[in-house]
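Coordinates in review
Now for the letters of each chain:
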Amino acid sequence: MIGEHSSKQYDNELEAIRSKVLLMGGIVETQFLDAMTCFRIGNAERADRVIREDDAVNQLEVSLDDACSHLIVRRQPTANDLRTIMATIKVITDLERIGDEAAKIARTAKSLHSRGSAVVNHYEMVRGIANSASDLLHDALDAFARNDGKQALQLIAQDAIIDHEFRSIMRNLITFMMEDPRTISAALDTLWVAKAIERIGDHAKNIAEYVIYVVEGRDIRHLRTPEAAVPDALPE
């Protein structure tokens, strides 16, 4: 009875941590969407709110890391339980970094619109990659919530598409800057935003990889060709 009670208490504590991680995920998802809205319309007040929310995300990271550390010390988990906690700590770190990237986008949006000299259709340039990264983040969090390794595996290939979109944006912006020096300032701002979005895609992919690690016990990080549906050819 004592062992059963202890196990149930451990499960409750772990579930409480997972719930807070998903809360953190919801916050950074909103941060990202709001940051992109700021980039589109130049709302300085909303941009400031996105930047302030980064403090809340940072505090969640600290408190969740502490909760995970205490759980390890008190319960001394092994095997899959230990993998779950270690992967959760890594997910927390990636979520915090997504919040950082969203704050960068908000700051760039404020700077770009305050100058009022954008001669590049900056938002349309990154709209596609932003939608791709947003979908990847949402689906990765969904896979984490449901411990769905199959869904997580299918998400890995999406990051390659985001990387391809970023390279295409970079080439287009370089062309604009070479053809018309007046576009350089706005083009550089747009490039920084595109890079931040690409990094958000990387962090979302990491979350999917951690789900696979928990469910299957496989660490597929840094593998060149994980068993995922990697597209044979990417669109030009």
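The structure displayed is predicted, hence computed values, not measured ones.

Things to note about the overall build of the chain
Each helix and strand counted, the chain has six helices and zero strands in total. Of the regular secondary structure in the chain, the N- to C-terminal order runs α-α-α-α-α-α. Looking at the chain as a whole, 44% of its 236 residues qualify as buried. For the chain, restricting intrachain contacts to residue pairs at least 6 apart in sequence, the fraction spanning at least 24 positions comes to 84%.

Describing the nonpolar core
The tendency in soluble globular proteins is for nonpolar side chains to be buried as a group. In this structure, Met-36, Phe-39, Leu-95, Ile-105, Val-126 and Ile-197 are the most contacted members of the largest nonpolar core, which totals 66 residues. When contributions to this core are tallied by element, the ones reaching two or more residues are helix H1 (2-41), helix H2 (44-75), helix H3 (79-115), helix H4 (122-146), helix H5 (149-179) and helix H6 (184-216). Broken down by element, this core gets its largest block of residues, 15 residues, from H6. Not counting residues within four places of it along the chain, the set of residues in contact with Met-36 comprises Ile-105, Tyr-123, Val-126, Ala-130, Val-193 and Ile-197.

Observations concerning a nonpolar patch on the surface
Side chains of Ile-184, Leu-188 and Trp-192 sit close together on the surface and give an oily, nonpolar patch of about 270 Å² of accessible area. Along the polypeptide, Ile-184 turns up in helix H6.

Observations regarding unusual backbone geometry
In the Ramachandran plot, Gln-76 falls in the positive-phi region, its phi being about 45 degrees despite a non-glycine side chain. Counting through the fold element by element, Gln-76 comes out in the loop between H2 and H3. Positive phi, close to 50 degrees, is recorded for Asn-147, a residue that is not glycine. Tracing the backbone shows Asn-147 in the loop between H4 and H5.

Regarding the pattern of salt bridges
Applying the stated rule across the entire model yields 14 salt bridges. The partner of Glu-13 in a salt bridge is Arg-74, and the shortest N-O contact between them spans 2.9 Å. You can see Glu-13 sitting in helix H1 and its partner Arg-74 sitting in helix H2, a full 61 residues away along the chain. Each of the salt bridges in this network shares a partner with another, and the network as a whole consists of Glu-13, Arg-74 and Arg-75.

What to know about the packing of aromatic side chains
Counted under the stated rule, the structure contains zero aromatic pairs. The ring of Tyr-123 is capped by Arg-40, whose NZ or CZ atom sits 5.9 Å from the centre of that ring. Note that Arg-83 overlies the ring of Tyr-213, its terminal NZ or CZ placed 5.9 Å from the centroid.

Describing the confidence of the model for the chain
Per-residue pLDDT for the chain averages 88, and the proportion of residues at 70 or more is 90%. Model confidence for the chain, summarised as mean pLDDT per element, is weakest for H1 at 88 and strongest for H4 at 96. Counting contacts from residues 1-5, a segment whose pLDDT is below 50, to residues more than four positions away or on other chains yields zero contacts. pLDDT under 50 marks residues 225-236. Its contacts with residues more than four places away, or in other chains, come to 15 contacts.

Parameters at a glance
Residues numbered from 1 in each chain as written. Predicted model: local features only at pLDDT ≥ 70, side-chain atom pairs only at ≥ 80, totals over all residues. Heavy atoms only, no water. Helix = DSSP H or I, 4+ residues; strand = E, 2+ residues; numbered from the N terminus. Buried < 20%, exposed > 50% of the residue type's maximum accessible area, 1.4 Å probe, protein only. Contact = heavy atoms within 4.5 Å. Core = buried A, V, L, I, M, F, W, Y, C linked by side-chain atoms within 4.5 Å. Patch = residues over 30% accessible without salt bridge, like charges linked within 9 Å, V, L, I, M, F, W, Y side chains within 5 Å. Areas by Shrake-Rupley, 256 points an atom, 1.4 Å probe, with all protein chains shown as cover. Salt bridge = Lys/Arg side-chain N within 4 Å of Asp/Glu carboxyl O. Phe/Tyr/Trp six-rings, centres within 6.5 Å; stacked < 30°, edge-to-face > 60°. Lys NZ or Arg CZ within 6 Å of the ring centre and 35° of its normal. pLDDT = per-residue confidence, 0-100.

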